[in-house]
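# Architecture and fold: a report
Given next are the chains, with one letter for each unit.
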Amino acid sequence: MSIVEDRLPDEGGDDLLAAEFVLGVLSAEERAAAARRIEAEPAFARLVERWEGDLAPMSAAYAPVEPPASAKAGLDRRLFPEGGERSRPRLWSSLAFWRGLAAAAVAALALAILLPFAVRPPAPQDRLVASLSAADSDVRYVALYDPAAGQVDLRHVSGERAAGRDFELWVIEGANQPISMGVIPAGETAQLPVEAEVGGRLAAGAKLAISLEPAGGSPTGLPTGPVISLGDLLRL
């Protein structure tokens, strides 16, 4: 079996796998295996469908961005090299043409997927995503960090906070102590600004964690309550 087809419960199980499929953070091999499961397993297909519905509202917080005018010119150069169609009478039977067309289609699909999450033209920094969950807790969040926007966007998927308690977000880099990113406001979606010092610690491989704290957040600067949700940051 592949990694996807043999996902263990302590690795997040099918629910987390479905979320990663919808977010687009799986490798090509894992994504192909997940797609086969969607076709063959109705239960897994329903999980993917549920995650698509859960994550769709995240796009409502972002204004659409028009692709740059240079995009069409770039596609024209790839599809119709110097000389245009007439210099290539067998264009439609050309393998190079179909490869170019396939590459252009993939680029267009990637643009269509990422546009809802964009608030400005693409920046050099990578955006990062994390699916936060824990085996002994029903609190689940999806977090998206955009360095260009300087904030973490959070989507509350499930789990309720107790009366008089707050959820606090932390970044954990290697063996270093957790650094608070702030108390998470209540609601389906939330945004937390990221200070430059903290942003420097947010990289693929770091972890985000949510702890249960007294109202207003930890009084000590470190988690005082249980960690109820945790996940690795991955490049989007």
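Structure: above.
Let me sum up the structure you'll find in this document. (Residues numbered from 1 in each chain as written. Predicted model: local features only at pLDDT ≥ 70, side-chain atom pairs only at ≥ 80, totals over all residues. Heavy atoms only, no water.)

On to the nonpolar core, then. Counting 25 residues, the largest nonpolar core has Leu154, Leu169, Met181, Ile184 and Leu208 as its most contacted members. Those elements that place two or more of their residues in this core are strand S1 (128-134), strand S2 (137-146), strand S3 (151-158), strand S4 (165-172), strand S6 (189-193) and strand S7 (207-214). Element by element, the count of residues in this core is highest for S2, at 4 residues. Sequence-distant contacts of Leu208, that is, excluding residues within four places in its chain, are made with Ala130, Leu132, Ala143, Leu169, Trp170, Val171, Met181, Leu202, Ser229, Leu230, Gly231 and Leu233. Judged by nonpolar contacts, the second largest core, of 15 residues, contains Ala18, Ala34, Phe44 and Leu55. (Core = buried A, V, L, I, M, F, W, Y, C linked by side-chain atoms within 4.5 Å. Buried < 20%, exposed > 50% of the residue type's maximum accessible area, 1.4 Å probe, protein only. Helix = DSSP H or I, 4+ residues; strand = E, 2+ residues; numbered from the N terminus. Contact = heavy atoms within 4.5 Å.)

Across all of its chains, the model carries 1 aromatic pair by this definition. Geometrically, the ring pair formed by Tyr141 and Phe167 is edge-to-face, given 6.2 Å between the ring centres and 85 degrees between the ring planes. Of this pair, Tyr141 sits in strand S2 while Phe167 sits in strand S4, and the two are 26 residues apart along the sequence. On the basis of relative accessibility, which here comes to 1%, the residue Phe167 falls in the buried class. A cation over a ring is seen here: Arg31 above Phe21, with NZ or CZ 4.1 Å from the ring centre. The ring centre of Phe44 lies 4.4 Å from the NZ or CZ of Arg37, which sits over that ring. (Phe/Tyr/Trp six-rings, centres within 6.5 Å; stacked < 30°, edge-to-face > 60°. Lys NZ or Arg CZ within 6 Å of the ring centre and 35° of its normal.)

Another aspect to go through is the pairing of S7. Counting buried residues along S7, 6 of its 8 residues qualify, which places the element largely inside the surrounding structure. Of the pairings in the sheet, the one linking S7 to strand S8 (residues 227-232) comprises 5 bridges and is antiparallel in character. Of the residues in S8, the one forming a bridge with Lys207 is Asp232. (Pairing = 2+ DSSP bridges.)

One can describe the packing of helix H1 (residues 13-23) onto helix H3 (residues 42-55) by two numbers: an axis separation of 8 Å at closest approach and a directional angle of 55 degrees. By the angle class used here, H1 and H3 are oblique. In the crossing of H1 with H3, the sense of the turn from one axis to the other is right-handed. Here Asp14, Asp15, Leu17, Ala18, Ala19, Phe21, Val22 and Leu23 of H1 lie close against H3, whose contacting residues are Phe44, Leu47, Val48, Arg50, Trp51, Glu52 and Leu55. (Axes fitted to C-alpha atoms, helices over the stretch in contact; angles between N-to-C directions. Parallel < 35°, antiparallel > 145°, perpendicular 65-115°, else oblique. Left-handed = near helix turned anticlockwise from the far one by under 90°.)

Now for the pairing of S1. In terms of burial, S1 is a largely internal element, 6 of the 7 residues being buried. Where S1 and S2 come together, 6 bridges link them in antiparallel fashion. By the bridge assignment, Ala130 is partnered in S2 with Ala143. Counting the residues that bridge the hairpin from S1 to S2 gives 2 residues. Examined bridge by bridge, S1 and strand S9 (residues 234-235) share 2 bridges and lie antiparallel to one another. By the bridge assignment for S9, Val129 is matched with Leu234.

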